[in-house]
Protein chains: 2
Amino acid sequence: MEAMTSPQQVSSGPIIRGCQWLKSLPNKFCDKTMEIARKTKKLGQDDPRRIVHALKVGLAITLVSLFYYFEPLYDSFGDSAMWAVLTVVLVSEFSVGATLGKGLNRVLATLVAAALGTGAHHLATLSGRKGEPILVATFVFIIAAITTFMRFFPKVKARYDYGMMIFILTFCLVSVSGYRDDQVLKMARERFSTILIGCCASLIVCICIFPVWVGEDLHKSVAANMGKLANFLEAFGDEYFKVSEESNENNKSYLQGYRSVLTSKSSEETMANFARWEPGHGPFGYRHPWKMYLKVGNLTRDCAYKVEALNSYLNSKIQTPAEIRGKIQVPCKSVSLECSRALKEMASTFRNMILTTSAVMHIESSKIAAEELKSLLKTNLWEEADLVEMIPAASVASLLPEIIGCIEKISEAVNELGEAASFRKSIGTVLPEQPDSIQHTAISVSHCVVIVAE
Amino acid sequence: MEAMTSPQQVSSGPIIRGCQWLKSLPNKFCDKTMEIARKTKKLGQDDPRRIVHALKVGLAITLVSLFYYFEPLYDSFGDSAMWAVLTVVLVSEFSVGATLGKGLNRVLATLVAAALGTGAHHLATLSGRKGEPILVATFVFIIAAITTFMRFFPKVKARYDYGMMIFILTFCLVSVSGYRDDQVLKMARERFSTILIGCCASLIVCICIFPVWVGEDLHKSVAANMGKLANFLEAFGDEYFKVSEESNENNKSYLQGYRSVLTSKSSEETMANFARWEPGHGPFGYRHPWKMYLKVGNLTRDCAYKVEALNSYLNSKIQTPAEIRGKIQVPCKSVSLECSRALKEMASTFRNMILTTSAVMHIESSKIAAEELKSLLKTNLWEEADLVEMIPAASVASLLPEIIGCIEKISEAVNELGEAASFRKSIGTVLPEQPDSIQHTAISVSHCVVIVAE
């Protein structure tokens, strides 16, 4: 009986639903607006430099467009002056490195392509009115195909991709314009000059108002990644050997932080590529060894893979009984804690660009603890235990020394980088038990850092 | 005595070095040329579609520029026709998805910005000759700042970054041109039309001549990643339990292949973003669940982290003696091999878009082997062994069952994806021992795959 509905009911169904949908629209709209507002606020709070960047770009574009309104730019270049405005839009990026890289790519590619395009146009005109389009088309085809193929070379792709595109673009613009306009040389010159002006305007705003140095970001990010691994290792001991039944919230976030390290490769590579365009600034001199950051980053990731393996034993189905785990608790916690201290020390001195030996001392302490652990394992302390239940704890005990090996490699790479980048060296008695005091009492053998503006 | 050199010697030193350097130049030049030629050949051989792409871009640009030479385009649009040529240069990307994404971004952003820009210009002219620049500058500043900030939203960045840039660009172009030219509406219309023509030309060439579908690449890459893990697991047993002393070359490459899976996250995300722009094609229907590929990819990476842990035991300093390892050889190899077969089966049926149950059967077999391994471990077969030496083999024995868990999760995600993407289902008795035959004899419950051309 209930299945039968009157035609009225059927036809009113969609109308009622429609009305309900219309009624819910303002609510939905409000919810969506609130959500966007919340996200916007979070984006701004996470990194206030984003807001500054948006204002900077607005300022740069407005300035150049006003320049177009008032006489000087327009009088010299006419309509081509618009290229200056467009260049500012296209070149303004978040960091100095990205802006400089894009700007240089654009200026140099325009220069070369404008020259080649003018040459191609002249060569084409020599062959008469009929031969011209054939020759220009041939040139355009060859240049476009070769340059497009070159964009596949990994090195070219990483640093000159934008330049390659602008090269084809300008070459086509200049040589093809020759069909309709004989003042090709004038056009090429105007295009180059206006693009140069646009790039300069963009760079001045980018560097002079709260500059964002991508090299500094890379430096901090590499140090932060070490810190994340250190946080895990610090919390791991308490969590695995469960001091209190409920683990505290702080530990939980510490234990998850390392996961972002696993997938940080591509962002580090992008940052290193941009950083190489940056002039010396602050503590980062000219020809700072940005490539070596990638090595440190890779080793940190290798360590993160081990940490990932360690993490799997926290949540594994088969767990070694607490009383058996308790037997290796002291040396295991000691290794994990010393590793954490070594990484923290490295992260902090790396961030401050100081070379100390205190990380090495923590590594040595952790090795001693690892030896203790090894000899403890040799005493057959688990004789009566079930082998299957024992394996997880044994695996943890074998993973920890491997992590020491990883940290040692990171430490070597950091020292190598420190030598190449002339980090300061700290003098003084280094007390391995008080890592914080070292950093503060470090007397730096100052090495003059020259700030090169361009 | 040897330290003393005559002034002649001193001055001739640099000259000799200079001569030597000059002499070595042709050789260096030859070497460099040969190296570039070699790299170029390798790039082409690795993926011949790259050569085709370069020729396609050359063709598209040449065609549109000839269009500019002959009357139709130039007569309707005048100098603005150049925008069509530039659009082809800027929009032509390797894959259909990337080209379509960039093209749509460009066309839509131009449409909206041109309309807004014209509106802003009209509003500004209402305020008289003096108020105009102030109003236009204010509009430009606000639009540029807001749009630049919006580019930081992760979702916007992933899919609409280019559109946002073109939006600012066109808005500035149209509204700022108003300073000098009153025919703003005409300009906005011309810009939109020429960009539309350029995008269409670029898309026609991209889709009609040997199209590269990024969705297909993503599909193959996810399957290939599973295959790489399978290769490792296949070779692992022989390598760890060293059947022959010298491991063969094939195994070596098999054991290293999985490493690229660890860092595949960002490239998969890029591909998935592009793939979502693509129309249905071949077996990939409209609204193919590209996002679910990322889930499968993430689970494959989680499995790769375990494999990385397993790999570390191949080269670890402390090794369990061969005779002890020998005791767990049979079940360990069996687990590893069944896991490998399950992954291979999944990779192959995934690639062919068929849902089979044979992978599940291999997983079940591997679970049985894992149970055998577990009961073997419970027999205290290593009673007399040294615990420290025993740990690596025990860890391997505990890691293998975890890998089964990972593979099970991958299998579930693949099935989920298969349901959502309507993979064909194979009917017939599935013989777990002959994975190849399954695939060939599979009778597909055909599900109509509609090839949508656009």
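This text gives an overview of the structure that appears in the document. None of the values given here were measured: they were computed from a predicted structure. (Residues numbered from 1 in each chain as written. Chains lettered and ligands numbered in written order. Predicted model: local features only at pLDDT ≥ 70, side-chain atom pairs only at ≥ 80, totals over all residues. Heavy atoms only, no water.)

Attention shifts here to the nonpolar core. One recurring pattern in soluble globular proteins is that nonpolar side chains are buried together. Judged by nonpolar contacts, the single largest core of 140 residues is most densely connected at M226(A), I407(A), M226(B) and I407(B). Beyond its immediate chain neighbours, meaning those up to four positions away, I407(A) contacts L233(A), C303(A), C339(A), A342(A), L343(A), M346(A) and I363(A). Grouped together as the second largest cluster of nonpolar side chains are 71 residues, F77(A), W83(A), V136(B) and Y162(B) included. (Core = buried A, V, L, I, M, F, W, Y, C linked by side-chain atoms within 4.5 Å. Buried < 20%, exposed > 50% of the residue type's maximum accessible area, 1.4 Å probe, protein only. Contact = heavy atoms within 4.5 Å.)

This paragraph deals with helix 14 (residues 322–351) of chain B. When the local axis directions of helix 14 of chain B are compared, the greatest deviation, roughly 55°, occurs at Q329(B), which is followed within four positions by the proline P331(B). With its phi angle positive at about 55°, M353(B) sits one or two positions after the end of helix 14 of chain B. (Bend = angle between axes of the 7 residues up to and from the residue. Helix = DSSP H or I, 4+ residues; strand = E, 2+ residues; numbered from the N terminus.)

Take N231(B): it is sitting in helix 9 (residues 214–240). If we ignore the near neighbours within four places in the chain, the residues touching N231(B) are Y254(B) and K344(B).

Aligned on chain B, chain A shows an RMSD of 0.0 Å; the corresponding rotation is 180° and the shift along the axis is 0.0 Å. The superposition of one copy onto the other is thereby described by a two-fold rotation axis. When C-alpha distances to the rotation axis are compared across chain A, the minimum falls at S395(A), with a value of 2.6 Å. When the interface residues of chain A are mapped onto chain B, 100% of them again lie at the interface, so the same face is used by both copies. (Least-squares fit on C-alpha atoms with pLDDT ≥ 70 in both.)

Side chains that differ in charge, positive against negative, can pair when their charged atoms come close. Residues and elements named next belong to chain A. Evaluated as defined, the whole model comprises 43 salt bridges over all chains. Between E402 and K306 there is a salt bridge, with the nearest N and O atoms lying 2.9 Å from each other. Here E402, found in helix 16 (residues 387–420), pairs with K306, found in helix 13 (residues 290–314); they are 96 residues apart in sequence, far enough to count as distant. For the pair E402 and K306, one class covers both residues: buried. Within the structure, one salt-bridge network assembled from shared partners comprises D47, R49 and D217. (Salt bridge = Lys/Arg side-chain N within 4 Å of Asp/Glu carboxyl O.)

Residue position: V184(A) is located in helix 8 (residues 184–208). Among residues more than four places away in sequence, those in contact with V184(A) are T118(A), H121(A), V174(A) and G178(A).

All names here are of chain A. The topology assignment puts A413 in helix 16. Of the residues examined, A413 reaches a relative accessible area of 4% and is grouped as buried. Counting along the chain gives 252 residues from A413 to D161, while the straight-line C-alpha distance between them is 30 Å. For A413, the contacting residues outside a window of four places in its chain are V296 and L299.

Moving on: the packing of aromatic side chains. Per the counting criterion, the structure on display carries 26 aromatic pairs over all chains. With a centroid separation of 5.1 Å and 35° between ring planes, the pair formed by W290(A) and Y293(A) is classed as tilted. Taken as a pair, W290(A) and Y293(A) lie in helix 13 at a separation of 3 residues, close to a single helical turn. Of the two residues examined, W290(A) and Y293(A), each falls in the buried class. Relative to W290(B), the ring of F284(B) has its centre 5.3 Å away and its plane inclined at 40°; by these criteria the two rings are tilted. Under the relative-accessibility criterion, F284(B) is labelled buried at 2%. Over the face of the ring belonging to Y162(A) we find K102(A), whose NZ or CZ atom lies 4.9 Å from the ring centre. Lying across the ring of W83(B), R191(B) places its NZ or CZ 4.2 Å from the centre. (Phe/Tyr/Trp six-rings, centres within 6.5 Å; stacked < 30°, edge-to-face > 60°. Lys NZ or Arg CZ within 6 Å of the ring centre and 35° of its normal.)

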